[in-house]
Each structure stands twice: as C-alpha cells, then as structure tokens.
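Structure assessment
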Amino acid sequence: MEHSEFYILEKFHLPVLPFLNEHESLVVEYTWLVMLIIIATILFVIVKWKTIPSGLQNVIESITIFIENYLIDIIGSKGLSYFPLVISIMLFILFASYIGLLPGMLSPTGYISTTAAMAIVVFVFYQYIGISKGGLKYLKHFLGPVPVMAPFMVIMETISEFARPFSLTVRLFANIFGGEMIIKLLFGIFAIGFPVVWMLWDSIITIPIQGFIFSLLTMVYLAGAVASDHEN
Amino acid sequence: MEMLDPKMLISAASALGAGMAIGLGAIGSGIGIGVAAGKFIESIARQPESEGKTRTWFLVAYALCETQTLFAFLISIMLFMKIGG
C-alpha cells in the first residue's frame, strides 16, 4: 500500500521527516494540511465577517457557541478562559476526521500517536491548572475522603488518573480507525454505493460525537481540577 | 497423527482469539449503553424539559461504556496482525 501512491500528498514526493518512517511522516504532513485548512477557514470567516451570518460563518459560529455554552454550564463563569484549548481540540478532531472520508486523503486522528499527543496535552494542562490554582488542596483529593483509607486510595486514584489520557487516546483512535477499517472491508464486498452507507454513519454520528466527547471530557477534567479552587 | 506446525497453531489460536475478544468484549458495553439509553428515554418521558442537560451526561456515559469495547477492538487488531505471520 505504501508504494502504490494511494494518497494525494505522496504524489508531491515530500521529504521524509527525521526520526520517522515514510508512512509516519505522511501522517504528520496530513496533520499540517489539516492545520492549514483550519487556519484558512477561520481567516476566511473573519475576513468575510457579517452581522447576519450565513453559510460557513453559520457553521463555525454554531460550533463555537455550542462549546461556549457547555463551558459555562460545566466549569462556571471562569470556564471561558479555557475556551481556546477546547475549541481547537473540537475543530481539529472534526477537520482531521472528515478529511479522511475524501478519496486520497487520510485521517491523522486514525493514528494512535496523534490522539496520544492530544490526550497528553490535555492531561498535562489540567494537572498544571489543578496544582497552580488549588495547590495542596488539589493534591489532597488524591488521598480520598477517609484518612484511614489514604494509603490504599493513593494507589487507586493515581491509577485512575493515569487511565484518563489512555482512555481518551484509545477512544478517539479506535473509533476513527475502526470506521476506516469497516469502509475498507465494505469496499471489498461491493465497491459501488455500499460503503457510502457506512461513510454516512461515520460522518453524521461517529465523528461529531467523538469530537464532542473528547472536548466534553476535557471540560469535565478541567472542572475537576478547578473545583478544588471553588470550595473555599 | 502428524505433528502440528507450531506456527499454524499460533495463527489458529490468534484468529480464534481475535474473534472472541471483540465478540465477548462487545457484550458488556452493549448492556451498558442499553441501560444508559433506556434510563435516558425514561427520564425524558418523565421530565421533557430536562432533555438538554440529561443528554450531555448520557453522551458521557455512552462514551465511557463504549471504551471497553474499543480496548477489546485494539486487542483483537493486535491478534489479527499475528495471523499468518
């Protein structure tokens, strides 16, 4: 598959990046392409800004307002300061997953390294927020509510804390990757028309829900980190 | 009876394991998502105005239940790679 020039970017014969093999560097190049598309879209919307939105501006505005409402709902009025992280996660997942449904393109989110990178960013960020805002109070919640159980609870809480980025990674990766696998299998059964049914399911149900779930869980984890600050 | 080739045995076992991993793994989250969706619909029927708030937590529960199957899927893919190799 690698040497058949199945993907469009392979036709440009871009250089192989250091420390990566051919396929991995292709994934990174597609990630850059997705980033370019997102930046171009947002710039286009800003330049053509209208008071009464229409077309593309409607789509972007409804996504941002949707995320804004959930941020205020879950974290509170302070939540808007985390808006840039959450909206970039949401937009990146949407664009990066939808691009894979076009022929000759590949989804960067269908590779475990991309999703792992995103999950690690979220994990480090909310730990940093928790420690810098709550200080010792944030670290105290690892001990659990009952002092007698503390040595036992530390182990449990630490494991569950580290399970979070792992489950974020696997959820997004396996959904997108699994969807692509099923499309490939359906192409093997009957190439015309049949795979479109699954593509429709993927584009209407799986991708928006996964993007929403990833950003929602980011908000929930951030709310947990900020909550220790709220109590006093 | 002739001796089995160990490589073939590994292939056969991983093919069997791949199928069983995803099949058995899907049972639990199927039940979990079913329960969550049932309760979600129940709560909407009881209090239609709570739909917006309930939906968020339904989706969270749905995603958390689904993850277990996705772990099984990952294991199944890893075993699938071993077939014939």
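In what follows, the structure referred to is the one given above.
For the structure given in this document, a descriptive report is provided here. (Residues numbered from 1 in each chain as written. Chains lettered and ligands numbered in written order. Predicted model: local features only at pLDDT ≥ 70, side-chain atom pairs only at ≥ 80, totals over all residues. Heavy atoms only, no water.)

**Brief notes about the packing of helix 2 (residues 56–74) of chain A against helix 3 (residues 83–98) of chain A**
All names here are of chain A. What counts is decided by this rule: Think of each axis as a best-fit line through the C-alpha atoms, taken over the contacting stretch in the case of a helix, with angles from 0 to 180 degrees between the N-to-C directions. Helix numbers and strand numbers start at the N terminus; a helix is a DSSP run of H or I with at least 4 residues, a strand a run of E with at least 2. In this scheme, roughly parallel covers angles under 35 degrees and roughly antiparallel covers those over 145, while 65 to 115 is roughly perpendicular and the rest are oblique. Handedness of each helix crossing follows the sense of rotation of the near helix against the far helix: counterclockwise by less than a right angle gives left-handed, clockwise gives right-handed. Only heavy atoms matter for contacts: two residues are in contact if any of them lie within 4.5 Å across the pair.
Look at helix 2 against helix 3: their axes get within 10 Å of each other, and the N-to-C directions meet at 135 degrees. In terms of orientation, helix 2 lies oblique with respect to helix 3. Handedness of the crossing formed by helix 2 with helix 3: right-handed. Contacts between helix 2 and helix 3 involve Ile63, Thr64, Ile67, Glu68 and Leu71 on the former and, on the latter, Phe83, Val86, Ile87, Met90, Leu91 and Leu94.

**Considering the packing of helix 3 of chain A against helix 4 (residues 112–134) of chain A**
Residues and elements named next belong to chain A. Counted only if it meets this: All residues other than Ala, Val, Leu, Ile, Met, Phe, Trp, Tyr, Cys, Pro, Asp, Glu, Lys and Arg, Gly among them, are scored as polar; the first ten of these are nonpolar and the last four charged.
Two elements in contact, helix 3 and helix 4, have axes whose closest approach is 12 Å; the angle formed by their N-to-C orientations is 170 degrees. Compared by their axis directions, helix 3 and helix 4 come out roughly antiparallel. Along its contact with helix 3, which presents Leu85, Ile89, Phe92 and Ile93, the element helix 4 presents Thr114, Met118, Val121, Val122 and Phe125. The residue makeup of the contact of helix 3 with helix 4, split by class, is eight nonpolar, one polar and no charged.

**What to know about the nonpolar core**
Inclusion rule: Put simply, buried Ala, Val, Leu, Ile, Met, Phe, Trp, Tyr and Cys residues joined by side-chain atoms within 4.5 Å make one nonpolar core. When a residue's accessible area, from a 1.4 Å probe over protein chains only, is under 20% of the maximum for its type it is buried; when over 50% it is exposed; and in between it is partly exposed.
Formed by 57 residues in total, the largest nonpolar core has its most connected members in Tyr30(A), Ile67(A), Leu71(A), Met118(A), Tyr126(A), Leu168(A) and Phe214(A). Listed by contribution, the elements that provide at least two residues to this core are helix 1 (22–47), helix 2, helix 3, helix 4, helix 6 (150–189) and helix 7 (194–230) of chain A together with helix 1 (6–46) and helix 2 (51–82) of chain B. For this core, the element with the highest residue contribution is helix 7 of chain A, accounting for 12 residues. With sequence-adjacent residues up to four places away left out, Tyr126(A) is seen in contact with Tyr138(A), Glu161(A), Arg164(A), Tyr221(A), Leu222(A) and Ala225(A). The next biggest cluster of nonpolar side chains, apart from the first, holds seven residues, and it includes Val170(A), Phe173(A), Ala174(A) and Leu74(B).

**Observations concerning the pattern of salt bridges**
The line we're drawing: In what follows, salt bridge is the name for a side-chain nitrogen of Lys or Arg lying within 4 Å of a carboxyl oxygen of Asp or Glu.
Inspection of every chain in the model, using the stated rule, returns two salt bridges over all chains. Between Glu161(A) and Arg164(A) there is a salt bridge, with the nearest N and O atoms lying 3.5 Å from each other. Residue Glu161(A) and its partner Arg164(A) are located together in helix 6, separated by three residues, close to a single helical turn. The partly exposed category is assigned to Arg164(A), whose relative accessible area is 27%. Note that Glu51(B) is salt-bridged to Arg55(B), the shortest N-O span being 3.1 Å. Separated by four residues within a single helix, Glu51(B) and Arg55(B) lie in helix 2, roughly one turn from each other. Since its relative accessible area comes to 38%, Arg55(B) is described here as partly exposed.

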